[in-house]
Every structure is written in C-alpha cells, then in structure tokens.
Amino acid sequence: LTLTGKNTYTGGTQLMGGTLTVGSDANLGTGNLTVQAGTLSLLNGFSSTKTLTKNSVDMMLLSGKGSFGNVIVNQGELRVNGIITSPINIGSGGTLRGTGIINGNVTVAGVVSPGNSPGVMTINGDITVQSTGSYTPEIDGSTAGNGADKYSQLLVSGTFAANGTLAPALRGLAPSATNSFTPVIGQSFKVVEASAINGTFATYTAPTTGLAAGTRLDVGYAPKAITLYVTPSSYVNVAVGTNNKDVAAILEAFRPAVGVTSSSADLNQFYQSLLAADIQGINQVLSNINPSVYAETANSIKSLQQYLHNTQTLTDHFSKGGLAIKGIHQQTDVDADNNGLAATRNWNGVQVDVDSEALARDWQAGITLTSISNSTLEARASKMTISGYDVALSARKTVGQLRIAAGINGGKYDISGTRNILVGGSTFRTAMDGAMAYAYGINANAVYAMNDDWQLSSGLLYSSIRQSSFAETGNTTLGLRVDSSQQNQTVALLGANWTHAWKLSDWRVMPKLAIQLEQGLSDNPSTVKARLMGKYLSAESSDTGGTLFRGLAGVSFIDANGLTIGIDAATEKGKNQSGYSGQLKLSKSF
C-alpha cells in the first residue's frame, strides 16, 4: 500500500501487515503511526514529527530515508536498513537490528544486535544500553562488515553508555552467516567504536559454542572502543619453558573471570593490555615479567670471572717482573633457550698487572687489579648496569720448561637497572638499585714451553658468585622481590700460544696467535628465586655451559728498554653464546 496526497483522517494509522510506503507526513493523517506487522518503506525526503510505535512481535523492516519525531519499539524487531532521523527507544520486549544509519539518540532496554547476520550499524548520536538491555554482536569472520564472514559492529558518533548484558554469539546466526568461523588466540573484534565509552557491562554471557578448545572470549574496554579478544582459557597451557610457566601460574591465580574487570586499577590495566597478545606475544610478556634477567645477571658475572682468569690471562706475564696497564672490552650475545632469554653483555674495564722479580727458589708473585665500569647487560626491554672491581693474587714457579702457577681472586660488583615490561601498547616499569654481587675464585695452571715460539697451557678455575637480595621499585603489581642466590662453576682450561719476534730497527715486532678451549665441568644455568604478587617463582638463565672456543690474534711492539705497546683481538663461540673481546696494552718490564 502506498499512501499519497494529504490525508485528513484522525485516530492515527495502523499497519497490520504487508508493505506501507509513505512519502510525507501528510500521508498519515493527523495521528501517530503504529505498526503491528509488516514493512514500512520511507520515500527519500520523508519527514514527520509523529511518533512511530511498534507493538507486534513480528519483524518490521524500515527502509528508505526519512525522519520521525520519535520511534518506540515495545515488541518484536525493528530492522533499520535505511536512514532514519529520530530518537529510538527499544523497550524490554524489543530488538534493534539492521545495517542502516540512525541520526538520533538510542535507548535500549531490550536487545540491540547490528546487521542482518551480521552487519554494521551507524548511530549518529548517543546510545545507552540500560540495565535490562543487552548487546549481542554476531561474529562470523575476522573483519567488521555486512554479511557472511564478517562480524557485527556499532559505529557511534557520540557516547556508548554500557550497562546490562553483553552476549556475543558465534553460532546459531541467521543466514547469510556461515556459522563456521572459529577464531584463534590473538584475534580481536572491535564491536563498538564510539567517541567515548561510559561504564562497563554489568553482565557478560560468554558464548558456549564456536570457540576453539582451550580458548575464551574476553572483553576489553578502551576510552573509545569495546573489543572482544580471543585469549587462552589458561596462560599456563600456552606458556613455553619453566620460567614462563611459573609466571603464568601466578598470573592465572589473579586473573579476573571472563568478562569481568579487576578491582585493582594496576591489575586491570595489565590484564586489559595483555588481551590482544597472541601465543608468541604472551610468552614474550611472561619472559619480561619473570626474573630471568637477574639470573642472566648472575650468569654474566660468572662469565666475567671466566674471562678475567682464562688461559690467556694466566699465561700473559713478565718472566723477570714488570708493570702492565690494559684497556679491556668484551661483548657477548647470549641466545635464548627454553628458559633463559636472549641478552647482550658489554664489559668495559681497565687492568693493572704487577709481576715481581724472581724471588727465592725461582718463585714469582703477581697481582692483577681490574676495574669494571660502564658495563651493561641488555635483555629485551631491560637494561642492567654493572660496575665493580676484581683483585687476583698469583704465585708462579718455573722448573725447566714447565711453569706452574696458582692464584686466588675476589671481586665485588654493584648492580642497578630497569625492567620495561611491554604489554600491548602499555609499558610497566620497575627498577632496582643497590644490589651487590660478590665473586671468589681459585685457579691452578701449568704452561709448557715447547720452544721459543710455542707454549701449551692447561688449568682449572673454580668460581663462586653470590648475588644479594633486593626489592624492585616502581610498578607495585609487577615488581619483584628477589632472594639472594649462589652460583658456582668449575672450568677446565686448555690452550696453545704461538709468538715470534722480528727485529725492526730499535723495536721488536711480536705477532701472536692462540687457540683456547674452556670446558665447563660444573657449570649449570644460573638460578634465582623471587616473589611476584606475593607468590614464589624461580627462573634460570640461558644454558651457556659446556665448551667455549676462543681464537685470538695480536701484535706487540717492544723497544730496547722493555716498553711494550700491544693489541689483541679474540672471537668466542660456545653453547648459546658468541662474541668478541679485545685489549690494548702498555707495559714495561723491570
């Protein structure tokens, strides 16, 4: 039925079925329009100040473009596939659907579910979901849009006021939905985009079908959006490695129930930021949270002690006494394994060596002072700064072509740093300062001079490192309280050195080549224990034990008075680690 012209009947107009097409307000007489069933088609340009009321349980389709003074849906479904300018009130028995545009404020005491399974609805105004109302977005694909393989979305130019119930659906959708889409962890669906989000839904009804096993659909609230995220039903189930699983178990214990926000602002920010992560991203976050960077700190100091007292250091001495000053640098890249994280160590320091002249019975004493400064350990977004010193005492005796030696050493290091825990677009910062590490060691070695050019060396090094306890400052939720820890290692040393001197005017030029093998005999990954949110967990460093190979090349220039200028460079390769080192040396023999 098409109404045309100016009608003067009174009492209003009722649509009982079929399609009613109207082009102007005058077509409807002097009363309001009440729809019991059927389709209302508005010719473009339709404008009315009357109230459109829907009372039937049937679906009413509103197409075309027009305006009313008010639209009230008491029962059934109003499907807006056109453009309507009017406030719309959806009563407790009503449903609002469609892919059209509504110019006006919308109040929902019933159901709003955009699309024709599914679809995008635009509201140029505010929408309020009241306590009895519900929002049911349909999810049939990974992108928002109309029809199959899409998901529903509300685009709101004003404020979306959330209350009532959020009840997303993945199955039981009407055609043209495929009802076959199964999202995976890390996928998300922005079901509301607005200028502002006010409040949260009082109730969340999670979908019972359509999700993969081991997943759940969580709700994320942002200032201008409400997004549904596919997350693991348990973080423990997707965590890789013991370090991450320990953290995951703690996070799971404090994790809000699905659809619920935490009462703690810090926890809520953290869990909301974590929602968007896929499995790889979740494990990166777990790695950033766990104290493995502090296990790597202890492991790095073990490595430093091994570097300071390796076979090259033990064989580099003055046979008749002397003084040497060296600038040292070492950089090592540590690879991640199933527990420890990837890291880069940078050691910088100055060494002063003093060897005595020969004492009674051909004994000789030596002392080495090492100052470490501006040294760093970087792992992911964390950075530790380490400075300190090491003192080594040695005694040597030469018997024919064999020189035997023994030594002790002790060191003290200050550790400070920051951890930046990156979660989604948020950064949670913690800091530590005033932590200490103490190193003690003993060594024994023997050097055999095969001739003037070749030397074979072997030795044994034992080191013990104790790292003090400390509490992080900064973020109170993710801050750690780290217990003191003890790390020990025993390393067997084996090497071969070649040197040869050539006369050049008043100087001797002495190139040097060396290969060294260092075998860990009792060198397990470093371990620390800490408390996160009041619960204990432990973490290991990457396993860098086993065999370390070092190849070295250098050259020294020696004048007639025993003044030496030299440079050495070495490359190193071992289990889960590789790097290089170098030193500049200025020395004077007695």
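Everything below is about the structure printed above this text.
Heads up: these notes are all about the structure in this document. Just so it is clear, the structure is predicted and the values come from calculations on it, not from any experiment.

So, about a nonpolar patch on the surface. A surface patch of nonpolar side chains, about 760 Å² in accessible area, is lined by Leu-323, Val-354, Ile-367, Leu-369, Leu-393, Ile-408, Ile-442, Tyr-462 and Phe-590. Looking at the secondary structure, you find Val-354 in strand β26 (residues 343-355). Owing to a relative accessible area of 31%, Val-354 belongs among the partly exposed residues under this scheme.

At a minimum axis distance of 9 Å, the contact between helix α1 (residues 242-254) and helix α3 (residues 279-289) shows a crossing angle of 95 degrees. Looking at the two axes, α1 sits roughly perpendicular to α3. Across the interface between the two elements, Asn-244, Val-247, Ala-248 and Leu-251 of α1 pack against Asn-283, Leu-286, Ser-287 and Ile-289 of α3. Partitioned by chemical class, the residues of the contact of α1 with α3 number 5 nonpolar, 3 polar and no charged.

Attention now goes to the pattern of salt bridges. It is possible for side chains of opposite charge to pair when their charged atoms get near one another. All told, the structure shown has 13 salt bridges when counted by the stated rule. Here Glu-252 ties to Arg-255 by a salt bridge, and the two come within 3.4 Å at their closest N and O atoms. With its nearest N and O atoms 2.5 Å apart, the salt bridge here joins Glu-518 to Arg-550. Taken together, the residues Glu-518 in strand β37 (residues 507-520) and Arg-550 in strand β40 (residues 547-559) connect sequence positions 32 residues apart. For Arg-550, a relative accessible area of 3% gives the class buried. When salt bridges with common partners are traced through the structure, they connect Arg-216, Asp-218, Glu-252 and Arg-255 into a single cluster.

Moving on: α1. Under the 1.5 Å per step criterion, the end-to-end length of α1 is 19 Å for 13 residues, consistent within 8% with the ideal 18 Å. Regarding α1, the residues found buried are Asn-243, Asn-244, Val-247, Ala-248, Ile-250 and Leu-251. Looking straight down α1, one finds that the buried residues subtend no more than 165 degrees of arc, so they occupy a single side. Along its buried surface, α1 packs onto α2 (265-274), α3, α4 (292-308), β38 (527-532) and β39 (535-540).

In terms of strand pairing, strand β25 (residues 322-334) meets strand β42 (residues 577-589) through 13 bridges, oriented antiparallel. Looking at the pairing, Ala-324 lines up with Ser-587 of β42. One ladder, built from 12 bridges, connects strand β41 (residues 563-574) with β42; its direction is antiparallel. Across the sheet, Leu-563 pairs through a bridge with Lys-588, a residue of β42.

Another point: the packing of aromatic side chains. All chains considered together, the criterion is met by 8 aromatic pairs. Each ring, one from Tyr-151 and one from Phe-189, has its centre 5.3 Å from the other, and the planes form 80 degrees; the classification is edge-to-face. In this pair, Tyr-151 sits in strand β18 (residues 150-151) while Phe-189 sits in strand β21 (residues 188-198), placing the two residues 38 residues apart along the sequence. Residue classification places Tyr-151 among the buried positions, given a relative accessible area of 7%. Among the aromatic side chains, those forming a connected cluster through ring pairs are Tyr-135, Phe-160 and Phe-201. Sitting over the face of the ring of Tyr-235, Arg-255 holds its NZ or CZ atom 4.2 Å from the ring centroid.

Along the chain, Pro-175 connects to Ser-176 via a cis peptide bond; the corresponding omega equals 20 degrees. Positive phi, close to 65 degrees, is recorded for Asp-149, a residue that is not glycine. By the element assignment, Asp-149 lies in the loop between β17 (143-144) and β18. In this structure, Asn-576 is a non-glycine residue whose phi angle is positive, near 60 degrees. Looking at the secondary structure, you find Asn-576 in the loop between β41 and β42.

The next subject is the sheet that holds β39. Sheets are built from strands that pair by backbone hydrogen bonding, the pairs being arranged parallel or antiparallel. Strand order in this open sheet of 4 strands is β32-β34-β38-β39, and the pairing throughout is antiparallel. A single partner strand is all that each edge strand has here, and the edge strands are β32 (470-471) and β39. Of the strand pairs in this sheet, β32 and strand β34 (residues 480-482) are connected by 2 bridges, and their pairing is antiparallel. Counted as the bridge partner of Phe-470 is Val-482 from β34.

Turning our attention to the environment of Ala-177. In this structure, Ala-177 sits in the loop between β20 (165-166) and β21. Under the relative-accessibility criterion, Ala-177 is labelled buried at 11%. Each C-alpha atom, one on Ala-177 and one on Ser-117, is 5.7 Å from the other, the two residues being 60 residues apart in sequence. Contact partners of Ala-177, with chain neighbours within four places excluded, come to Ser-117, Pro-118, Asp-140 and Ala-148.

Further remarks concern the pairing of β37. Within a regular strand, side chains alternate between the sheet's two faces. Two elements, strand β35 (residues 485-499) and β37, share 9 bridges in a ladder whose sense is antiparallel. Residue Gly-495 lies in a different strand from β37, and its bridge partner there is Gln-516. Pairing analysis gives 3 bridges linking strand β36 (residues 502-504) to β37, with the strands arranged antiparallel. By the bridge assignment for β37, Trp-502 is matched with Val-509. Between the antiparallel neighbours β36 and β37 lie 2 residues, among them Ser-505 with a positive phi of about 60 degrees. Where β37 meets β40, 13 bridges bridge the pair, whose relative direction is antiparallel. Note that in β40 the partner of Leu-513 across the bridge is Ala-553.

On to the nonpolar core. Counting residues in each nonpolar core, the largest one holds 105 residues, and the members touching the most others are Leu-40, Phe-160 and Phe-270. Among the elements that line this core, the one with the most residues is α4, at 7 residues. Residues within four places of Phe-270 in sequence aside, it is in contact with Leu-251, Val-285, Ile-289, Val-423, Phe-428 and Leu-478.

Take the side chain of Glu-296 next. Note on placement: Glu-296 falls in helix α4. Apart from residues lying up to four places away in sequence, Glu-296 is in contact with Val-334, Ala-343, Arg-345, Leu-377, Ser-541 and Ser-542.

Rules of the game
Residues numbered from 1 in each chain as written. Predicted model: local features only at pLDDT ≥ 70, side-chain atom pairs only at ≥ 80, totals over all residues. Heavy atoms only, no water. Patch = residues over 30% accessible without salt bridge, like charges linked within 9 Å, V, L, I, M, F, W, Y side chains within 5 Å. Areas by Shrake-Rupley, 256 points an atom, 1.4 Å probe, with all protein chains shown as cover. Salt bridge = Lys/Arg side-chain N within 4 Å of Asp/Glu carboxyl O. Helix = DSSP H or I, 4+ residues; strand = E, 2+ residues; numbered from the N terminus. Buried < 20%, exposed > 50% of the residue type's maximum accessible area, 1.4 Å probe, protein only. Axes fitted to C-alpha atoms, helices over the stretch in contact; angles between N-to-C directions. Parallel < 35°, antiparallel > 145°, perpendicular 65-115°, else oblique. Contact = heavy atoms within 4.5 Å. Nonpolar A, V, L, I, M, F, W, Y, C, P; charged D, E, K, R; others polar. Expected span 1.5 Å × (residues − 1). Arc of directions from axis to C-beta. Pairing = 2+ DSSP bridges. Phe/Tyr/Trp six-rings, centres within 6.5 Å; stacked < 30°, edge-to-face > 60°. Lys NZ or Arg CZ within 6 Å of the ring centre and 35° of its normal. Core = buried A, V, L, I, M, F, W, Y, C linked by side-chain atoms within 4.5 Å.

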